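# Summary of structural features
Take a look at the letters that make up each chain.
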Amino acid sequence: MKKSFLFISLCFLSLLFSNVFAQDSDERKGFRFGLNMGMYFPSKVSANYYNGSGFYDNNIDPNGVRMYSIEERLNLTPQERQYITTYFNATGFQFPYDAYPTAMRYSGGFNIGFQTAYDFNNKSSFIFDLNVCKVKAYDRFTMQLLGTTAQQNGQNDIRIFNIEGNEQRLNLALGYRTGWALSGNGLYFMQFGGSMLGTKVVNNIAHVADRNYDLIIGAANPAQVISYRPQTGIGFGYYFSTGFFLPLGEHKNAEVSLGFSKDKIILNKNEFKGWNKMLTFCFSI
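Rules used in this analysis
Every chain begins its residue count from 1, and numbering advances along the sequence as written. In keeping with the model being predicted, local features are shown solely for residues with a pLDDT of at least 70 and side-chain atom pairs are shown and tallied solely at 80 or more, while totals for entire chains, interfaces and linings include all residues. Only hydrogens and water are removed before side-chain values are computed, so all heavy atoms of the structure are retained for them. Each salt bridge in this description consists of a side-chain nitrogen of Lys or Arg and a carboxyl oxygen of Asp or Glu lying within 4 Å of one another. Strands here are runs of E lasting at least two residues and helices are runs of H or I lasting at least four, both read from the DSSP assignment and numbered beginning at the N terminus. The nonpolar core is taken to be a set of buried Ala, Val, Leu, Ile, Met, Phe, Trp, Tyr and Cys residues, with the residues joined through side-chain atoms within 4.5 Å. Think of it in three bands: with a 1.4 Å probe and only protein chains considered, a residue is buried below 20% of the maximum accessible area for its type, exposed above 50%, and partly exposed in between. The contact criterion used is simple: two residues touch if any of their non-hydrogen atoms lie within 4.5 Å. Paired rings are identified among Phe, Tyr and Trp, the last through its six-membered ring, by centres lying within 6.5 Å, and are further divided according to the angle between planes into stacked (under 30 degrees), edge-to-face (over 60) and tilted (the rest). Cation placement over rings: the criterion is NZ of Lys or CZ of Arg within 6 Å of the ring centroid and within 35° of the ring normal. Here the arc refers to the set of directions running from the helix axis out to each C-beta atom.

### With respect to the pattern of salt bridges
- Inspection of every chain in the model, using the stated rule, returns ten salt bridges.
- Two residues, R32 and D119, come together in a salt bridge whose shortest N-O distance is 2.6 Å. Placement of the pair is R32 in strand β1 (residues 30-41) and D119 in strand β5 (residues 109-119), with a sequence separation of 87 residues.
- For D157, the salt bridge goes to R159, with nearest N and O atoms at 2.7 Å.

### A look at the nonpolar core
- Residues I70, L74, F95, M143 and V208 are the most contacted members of the largest nonpolar core, which totals 38 residues.
- In contact with V208, other than residues within four places in its own chain, are L74, I84, F88, F141, M143, F161 and Y213.

### Quick word on the environment of T102
- Examined against the element boundaries, T102 turns out to sit in the loop between β3 (92-94) and β4 (105-107).
- In this structure the C-alpha to C-alpha distance between T102 and D139, which are 37 residues apart in sequence, comes to 9.2 Å.

### Thoughts on the packing of aromatic side chains
- Under the counting rule described, the total for this entry stands at 23 aromatic pairs.
- Arranged with centres 6.0 Å apart and planes meeting at 15 degrees, the rings of F95 and Y100 form a pair that is stacked. Exposure class is identical for F95 and Y100. Each is buried.
- Site record: aromatic cluster; members linked through ring pairs are Y83, Y87, F88, F93, F95, Y100, F141 and F161.
- Its guanidinium or amino end placed over the ring of F93, R81 lies 4.4 Å from that ring's centre, counting from NZ or CZ.

### Observations regarding helix α3 (residues 78-87)
- By the burial criterion, the buried members of α3 are E80, I84 and T85. Angular distribution of buried residues about the axis of α3 spans 130 degrees; they occupy a single face of the element. Residues of α3 that are exposed and point over 90 degrees away from its buried face: P78, Q79 and T86.

Here it is, written out as structure tokens:
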């Protein structure tokens, strides 16, 4: 119901603005198709999902695939525990109460996609964007090694290791654009509308010794590990953006925009809400 109301409202606004702005013979009207490229900056609100603590809802599917904490994963089999202690020449290991990061963040990802636009005139348009990108959450965790030479004189041998989570994201956006004319039929525009975010959790990896330990597996029976099949969570939200549209002649156009979207981010049944940002360049014909 909410999505239908949003769509009807956008249609009404587009018709309203298209009638307000009188059209000249040289005004744009009709469809344009463009290529989007730019940078995507995810909200850090969902990054701690990958911090290795196993805090979030970690049951992934009925086959027993779930997200393990780092401590659980490294103690999954005696062979893995033995490998780590041998590698560091230790008798054992444990995790301090503050071992896991609490302020993980994402690195920006390269965003690419396409745009379909319908111009009512030089100042008002309907815009549909589809963009995809890969993003990574990263930080470090600590682990205390027992029985090493570094523990002489009452010192604790606490080591720092890397942890990361990788995602693929798909963003669909349908919006209305209007603005203020510039010389040469250019436009400074404002744009707003509804958005859909598809998020696929690819993996969650802890780097210990010289091995990478994937925390999302099915290992109720460690002798028969089940691989994780990434799933896509779908959430809806809204966005607004601003930028410049510049005609290049011969039906070629360029634009640059800065956008902000308030999205529902779904990571394997866990829901977060945050503001994602996009810096986009588009070339259209």
